[in-house]
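Chain by chain, the residues run as shown.
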Amino acid sequence: GAMITTTGGHGDFRPLTDIPRTTGEVSAQERTGANAIADSADEVRLRVREQFLQGATQIKIVGAGGVSTPRSPLDMLTFTEQQLRAAVETAGDWGTYVAVHAYTSEAVKRAVAAGAQCIEHGHLMDDHAAEIMAKNGTWLSTQPFVNEDDVGPLAGPILDKFREVIVGTNNMYKLARKHGLKVAFGTDLIFSPAVAARQGLMIGNMTRWYNGSEILRMVT
Ligand SMILES: [Zn+2]
């Protein structure tokens, strides 16, 4: 299903010609099904329910900025805690859960406070954020990004942000080990079948932090 974001959050890929939009109007971008934009708790509930209606098994909510959306800074926040909680409660009503896209400590902490059961990415979190995740049993679904071409050729502001993420990778896995976080292997290789073949390289890079059996368990 769609990842659910705010106006201007990561995943808002609308061309600027679509802005401003009238409340309730659905953009051409959202009609592709890749993303859904919500700016209130009620809109969050509506978009989350629409994903489940279409067969989603869980929801990805965008809690912050992201690499591939050029206009969303990595350290911005999107939904309020109350809006994130609206998604978590709605997913709970369907017997399932919410994963929140977050790189920074603030984004991670807000997501965990709202009841998210999984943090996606987390590369820029600090010790305190990792401690809070451990206390709440929150999963970390993340990527061992160590090279600038791990997700294919990047340029401009997207490459600048990807470099920031790479710098955080080592610290993140160290914190995950220190606090015994439940870690899932994700690739974020979503835009091209050609780069999807690179996930084997990414598994190899995991040996910097985990031994072979730990990695096999994680990726299977
Ligand atoms: Zn993401």
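Quantities reported herein were computed from a predicted structural model and do not represent experimental measurements.

So, the coordination of the zinc ion
So, step 1. Surrounding the zinc ion are the protein donor atoms K60 (NZ), H101 (ND1) and H121 (NE2), which sit 2.1 to 2.2 Å from the metal.
So, step 2. Counting residues between consecutive donors of the zinc ion along the chain gives the motif K-x40-H-x19-H. In this pair, H101 sits in strand β4 (residues 98–104) while H121 sits in strand β5 (residues 118–124), placing the two residues 20 residues apart along the sequence. Residues H101 and H121 agree in their burial class; the two are buried.

Details of the nonpolar core
So, step 1. Core analysis: the biggest nonpolar cluster contains 56 residues, and I61, M125, L140 and Y210 have the highest contact counts within it.
So, step 2. For this core, the leading source of residues is helix α6 (residues 156–178), giving seven residues.

Structural notes on helix α3 (residues 81–93)
So, step 1. Taking 1.5 Å of rise per residue, the 13 residues of α3 would be expected to cover 18 Å, and the 18 Å separating its terminal C-alpha atoms lies within 8% of that figure.
So, step 2. By the burial criterion, the buried members of α3 are Q83, L84, A86, A87, V88, T90 and A91.
So, step 3. Packed against the buried residues of α3 are α2 (41–53), β3 (59–62), β4 and α4 (105–113).
So, step 4. Of the residues flanking the end of α3, it is G95, one or two places downstream, whose phi is positive at about 75°.

Some thoughts on the pattern of salt bridges
So, step 1. By the definition in use, this model includes 12 salt bridges.
So, step 2. The partner of D127 in a salt bridge is K178, and the shortest N-O contact between them spans 2.6 Å. Of this pair, D127 sits in helix α5 (residues 127–136) while K178 sits in helix α6, placing them 51 residues apart in sequence.
So, step 3. Overall, D127 belongs to the partly exposed group, its relative accessible area being 28%.

Here is what the cut-offs are and how they apply
- Residues numbered from 1 in each chain as written.
- Predicted model: local features only at pLDDT ≥ 70, side-chain atom pairs only at ≥ 80, totals over all residues.
- Heavy atoms only, no water.
- Donors = N, O, S within 2.8 Å, 3.2 Å for Na, K, Ca; no water.
- Helix = DSSP H or I, 4+ residues; strand = E, 2+ residues; numbered from the N terminus.
- Buried < 20%, exposed > 50% of the residue type's maximum accessible area, 1.4 Å probe, protein only.
- Core = buried A, V, L, I, M, F, W, Y, C linked by side-chain atoms within 4.5 Å.
- Expected span 1.5 Å × (residues − 1).
- Contact = heavy atoms within 4.5 Å.
- Salt bridge = Lys/Arg side-chain N within 4 Å of Asp/Glu carboxyl O.

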